[in-house]
Amino acid sequence: MSKHRNIRRNRLNLAVLAALGTALVSGPLMAQTTSTPDAAAPVAAPATAQADDQATPGKPSSKPQVAQAKTLKAVSVVANRYDASTLQMNAQNTVDVLSASDLQHTAVHNVAEALGLMPGVNVTTTGTGYFGGIDGAARGEGMFASVRGLPSEYNVNLIDGVDVAQGMPYSRSVQLSLLPPSGLQTIVINKTSMADMDGDAIGGTIDFRTPTAFDFAKDTSGSITASGRSESQAREYGGSGLGGGLAGEFQTKFGSEHQFGIYASGYYDYRNIANSEVGAAESALNDGSWEFAHTNADGSNAAGYNPARNLTSTGLNAGIASGFERRYGGNIAFNWKVDDTLDVYARATYAYAKTEQDTTYNQLLPQNVTYVPDGSGGYVPNIGRIANRFWYETNPERADIATFQFGADKRAGGWTISPKLFYSYGHNDRPAHVEIDGREDKYSQDNFAFGGSSLTTYKDGFPYPLLTPGLINSVNNIPAMWANDSGELTKSRSGQKKGGASVDFQYDFDGGALSSVKFGVKYSDSSREFTNRDWSTPGINDGVTTLGDLGIFSGNYSSIFPDKYLWQTPKVNHAAVVDLIRANFADDELDTCGSNYINNYNCNTMRGTEAVSAAYAMATFDVGNLEIIPGVRFEHTSINNTFWTTPARDDDGNPVTGYFSNNRTVYNEPLPSIAASWRPTANSVYRGSVWMSYTRPAFVQLGGGSQVSISDGVTTITEGNPNLKPIKSTNLDLSGQWTTDQGGFASVAAFYKQLHDYIYDSGGGQANPNLSGEGTVLTKTPTNGGDGKVYGLEVALRQKFQNLPEPFDGLGVSVNYTRQKSRVDLGIAGFEDERLQSAPNVLGNAEVFYEKNGFDLDLGYHYASSFLSTYDYLNQGSPWDDLWVRPIRRVDLHAGYEFDQHFRADLSVSNLTGNYSYWSHIGRHDLAISDIVQAGRTTLLTLKYSF
């Protein structure tokens, strides 16, 4: 056996993959002239390979077929779903891959939604903090991804192998909605980890990959893509709902031996939205608009009734979330093949999103609720009157993600040495959140008597408010409401900067069972900062000024929720609200958390640093068709947090100026792993893996601000907990994958994760808040929960029926199905048997597709069963009031035609049947108190020219 067996084998496999697409044209693969890398010729790429055929559409290539390679350890970009299958088959660990063609054939808004097409991935439209609940969901697009039942902050997110900075204020999650499908070429989800991968990935490692010039066969090539879009719900409100975008890419190789390569891409897109909202659960949480339908005399749940099924809604918010989103960004890659033994590269990516989201709410709130006998010995609530109010708020965002890296791959003898420098930053800022409101009952409490036990009636679970004639007149005349004040302003900034270096060493042996050893070190250091400050203008109490007098309205929406709630509501002029606040704004009206200016300025400020040092070693043993890879990784983490401490008031009740405090957390985590793969034939592989992983707690849980309060002689200190343990997991994965010579692919994977010291996502609040201490001094801090587990089965199947008679030989089907279960102990009495957040029991995708003669058609169905979103939503100290999200069902349509090797057109429709994009409810089996968003359909047309 040759001394450099593995190196030569990998190079052979690169060429094999490059030819594979052409070889399969006579079978399952149709020619693709998309933005993916072009003509499939063997290219001696240092670390990447690409297959794509430039043969005439529908005609077989003259290039010979090449037998499938056994292993392929270094591929960054794949063009189509058949190449993706090859990458999955040849990977050492269990991965799922979305190819460039898969992304092109979707009808989704962004990369987060594209991930939902993969087995075991649930995409959520809302997060925590100021993206929480219906506010985030009202944008009508996926934001975060849960892998194998684990929350999004349990994932590692990479762009071309670089750790992405985490800019979210209260979470380690990364807002993936920043990234449109056009900005990336391949997405790889590593569902099993090995020693040379970051250890803080309990869910999975998601790697978003971009191409280099050496992924293309032509010396110079590129493309320009123009798109137009339409949002149906915005058109229901009488707006245009139009959007569009422009994207381009260019690559060239140059030098005497074409040793230099440059790839660059850029994009810009925008969308305009106007989505409908019903916020009954939101009103229940913020305004107490809920009751038990059958009560005791004091309003508590009547004996014999399940509280989760005994709810009634006594108020709700109805509104419109309108605004726009602008995104732009791009990638650039420079590669230099210095000689046959040295490759040098530099890469950078950037993505930016500016979002303006304005929510216009009509609030119907219960007042004077009493409990009256029901005639059978029990009681029912009685709403004395309904308060009609108006509330306008904005949810702006300026978010970005950037990555930079410089590295090399040097081969000398049996050695391969790969040093790398990397840097990333990310922000999620809320530059100027404004609010303004009005009240019909500001000066009188005698209007709009009601007298019912519930505000709503229902049809198919959808709530309809029961409006009296007086309320109908009032909701149709919002400008006549009394102005409450001149508005409120909140500014928030959140971001992280992360940089470091790594070096990997691999030695390939000459013969024997020990094929190679690999070891390396990595160091990363990051800093993050979060600030939140709030100003309120003085109240307007002249008994004269109405909302209409403020000059903030500019026309009306004829219906606040088309086809559901038919009363009109005014359109708010955002600029007029900002001007009004500025005219009445004073800096000394800062009221973030009290009356002391310095405390108000600093109380919601947190800074932190996190340094992670890692070292690993692993070996590869080849015994016939069996490959075994044992390894161990060790990670040392040092976290330092700085936060504001707000003392108790002095003896005279005056606020005391606070000060910055610090705490420190250290983690030392050994992470052993072993992976084995058996390849009895060229068309099958069976894998088994056992490994340890962990997730560090969110920064706000470790170093949240400290506040001291005194009540009845007892001092309570509320602060973060630097002694929180990381969440740990022991993971098991068993899988099998198969391909056929007729264009088929199938996979089955079973997984099990045993969790310890669980911490749930609680946004800006404390997780598992616990009081400790003795006597008159108590400390309230977040704590770890108990153990948990998640396990499941994933099945995927794709088959193109190429043996059918023409023209049916272009038909094919693709199906994936995930069945998973989870259980976790929150560490709170009564919450010992909860479901994991964002973890449906069932996930599935089914697609029927047609590919022939340059035409392709895809009809897809996506399903996610109900899942738990928030624990103890109403703070009742029991799981019955958990917030759940209803099953998600979506039908998408895509059609494309390749006119020739230069021109292509694609049309896609997301949510073809117009299902609700978000529907959450309090209690697992009760829809009485729901939050609902209708975002309608999105239609996207793209035209592309390739050269």
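In short, a report on the structure. Model, not experiment: these values are computed from the prediction. (Residues numbered from 1 in each chain as written. Predicted model: local features only at pLDDT ≥ 70, side-chain atom pairs only at ≥ 80, totals over all residues. Heavy atoms only, no water.)

## So, the overall build of the protein
Okay, so step 1: Of the regular secondary structure elements, the protein holds 11 helices and 45 strands.
Okay, so step 2: Against the globule reference of 30 Å for 947 residues, the protein gives a C-alpha radius of gyration of 29 Å, in line with a compact fold.
Okay, so step 3: The buried share among the 947 residues of the protein stands at 60%.
Okay, so step 4: Taking as baseline every contact in the protein between residues at least 6 positions apart, the subset at least 24 positions apart corresponds to 73%.
Okay, so step 5: Total accessible area on the protein is roughly 34300 Å²; 55% of this is exposed by carbon and sulfur atoms.
Okay, so step 6: Put simply, the protein has 73 plus and 98 minus side-chain charges, and the middle of one group is 7 Å from the middle of the other. (Helix = DSSP H or I, 4+ residues; strand = E, 2+ residues; numbered from the N terminus. Rg over C-alpha atoms; globule rule 2.2 N^0.38 Å. Buried < 20%, exposed > 50% of the residue type's maximum accessible area, 1.4 Å probe, protein only. Contact = heavy atoms within 4.5 Å. Areas by Shrake-Rupley, 256 points an atom, 1.4 Å probe, with all protein chains shown as cover. Lys, Arg positive; Asp, Glu negative; His and termini not counted. Charge placed at Lys NZ, Arg CZ, Asp CG, Glu CD.)

## Some thoughts on the pairing of strand 10 (residues 260-279)
Okay, so step 1: Strand direction decides the pairing type here: strand 9 (residues 242-254) and strand 10, joined by 11 bridges, are antiparallel. Looking across to strand 10, one finds that K253 is bridged to G261.
Okay, so step 2: Pairing of strand 10 with strand 44 (residues 930-934) involves 4 bridges; the strand directions are antiparallel. Pairing of S276 across the sheet is with Q934, part of strand 44. (Pairing = 2+ DSSP bridges.)

## Quick word on the state of the cysteines
Okay, so step 1: Tallied over the full model, the rule gives 1 disulfide.
Okay, so step 2: Each disulfide pairs two cysteine sulfurs, and for C593 the partner residue is C603, the sulfurs being separated by 2.1 Å. Measuring the twist about the S-S bond at about -130°, one finds the C593-C603 disulfide to be left-handed. Here C593, found in the loop between helix 9 (574-584) and helix 10 (597-602), pairs with C603, found in the loop between helix 10 and strand 25 (605-623); they are 10 residues apart in sequence, far enough to count as distant.
Okay, so step 3: C603 sits in the buried class, given a relative accessible area of 7%. (Disulfide = S-S within 2.5 Å.)

## Let's talk about the pattern of salt bridges
Okay, so step 1: Within this structure, the stated rule accounts for 36 salt bridges.
Okay, so step 2: The partner of R148 in a salt bridge is D733, with the nearest N and O atoms 2.9 Å apart. Here the residue R148 occupies a position in the loop between strand 3 (144-147) and strand 4 (156-159), and D733 occupies one in strand 31 (residues 727-739), the gap between them amounting to 585 residues.
Okay, so step 3: Taking the relative accessible area as the measure of exposure, D733 reaches 0% and is therefore buried. (Salt bridge = Lys/Arg side-chain N within 4 Å of Asp/Glu carboxyl O.)

## Description of empty space enclosed by the protein
Okay, so step 1: Summed over all chains, the structure comprises 14 cavities of 30 Å³ or more.
Okay, so step 2: Taken together, 33 residues make up the lining of the second largest cavity; nearest its centre are L98, L117, S814, N816 and E847.
Okay, so step 3: Elements supplying a minimum of two residues to the lining of the second largest cavity: helix 2 (81-90), strand 1 (95-98), strand 32 (745-756), strand 35 (788-800), strand 36 (811-824), strand 37 (842-852), strand 38 (855-864) and strand 41 (888-898).
Okay, so step 4: Residues belonging to the lining of the second largest cavity are distributed by class as follows: 14 nonpolar, 11 polar and 8 charged. (1 Å grid on protein atoms, 1.4 Å probe; cavity = no way out; pocket = protein on both sides within 12 Å on 5 of 7 lines; lining within 4 Å. Points joined across faces, edges and corners; volume = space filled by probe spheres on them. Nonpolar A, V, L, I, M, F, W, Y, C, P; charged D, E, K, R; others polar.)

## Details of the side chain of R528
Okay, so step 1: Looking at the element boundaries, R528 is found in strand 22 (residues 514-536).
Okay, so step 2: Among buried Asp, Glu, Lys and Arg side chains, R528 stands out as unpaired, with E610 the closest opposite charge at 7.2 Å.
Okay, so step 3: For R528, the side chain forms a polar contact with the main-chain oxygen of Q166, separated by 3.1 Å.
Okay, so step 4: A distance of 2.5 Å separates a polar side-chain atom of R528 from the backbone oxygen of M168.
Okay, so step 5: Excluding residues that lie within four positions of it along the chain, R528 makes contacts with Q166, G167, M168, P169, S171, S494, G495, Q496, M606, R607, G608 and F699. (Polar contact = N/O pair within 3.5 Å; in protein donor to acceptor, adjacent residues only side chain to side chain.)

## Comments concerning helix 7 (residues 280-287)
Okay, so step 1: Looking at helix 7, one finds that the buried residues are A280, A281, E282, S283 and A284.
Okay, so step 2: Phi turns positive one or two residues past the end of helix 7, at G288, with a value near 70°.

## Looking at the side chain of E610
Okay, so step 1: Within the element layout of this structure, E610 appears in strand 25.
Okay, so step 2: Assessed through its relative accessible area of 4%, E610 is described here as buried.
Okay, so step 3: Of note is the side chain of E610, whose polar atom sits 2.8 Å from the side chain of R172.
Okay, so step 4: Filtering out sequence-adjacent residues up to four positions away, E610 remains in contact with R172, S524, D525, S526, T637, S638, I639, R696 and F699.

## As for the packing of aromatic side chains
Here the distance between the centres and the angle between the planes together describe a pair of aromatic rings.
Okay, so step 1: This model, assessed by the stated rule, comprises 42 aromatic pairs.
Okay, so step 2: Ring plane angle 80° and centroid distance 5.0 Å describe the contact between Y507 and F509, whose orientation is recorded as edge-to-face.
Okay, so step 3: Following the ring pairs from residue to residue traces out a cluster consisting of F462, Y464, F561, Y565, W567, Y916 and W919.
Okay, so step 4: The aromatic ring of W535 is capped on one face by K491, whose charged end is 5.9 Å from the ring centroid.
Okay, so step 5: For the cation-ring pair, R607 lies above F660, with the distance from its terminal atom to the ring centre recorded as 4.8 Å. (Phe/Tyr/Trp six-rings, centres within 6.5 Å; stacked < 30°, edge-to-face > 60°. Lys NZ or Arg CZ within 6 Å of the ring centre and 35° of its normal.)

## Comments concerning a nonpolar patch on the surface
Okay, so step 1: On the surface, I224, L246, F250, F855, L857, Y897, F899, F903, Y945 and F947 cluster together into a nonpolar patch covering about 920 Å² of accessible area.
Okay, so step 2: Taken together, the elements giving at least two residues each to the nonpolar patch come down to strand 9 and strand 38.
Okay, so step 3: The residue Y897 is located in strand 41 in this model. (Patch = residues over 30% accessible without salt bridge, like charges linked within 9 Å, V, L, I, M, F, W, Y side chains within 5 Å.)

Functional significance is not addressed by these values, which are geometric in nature.
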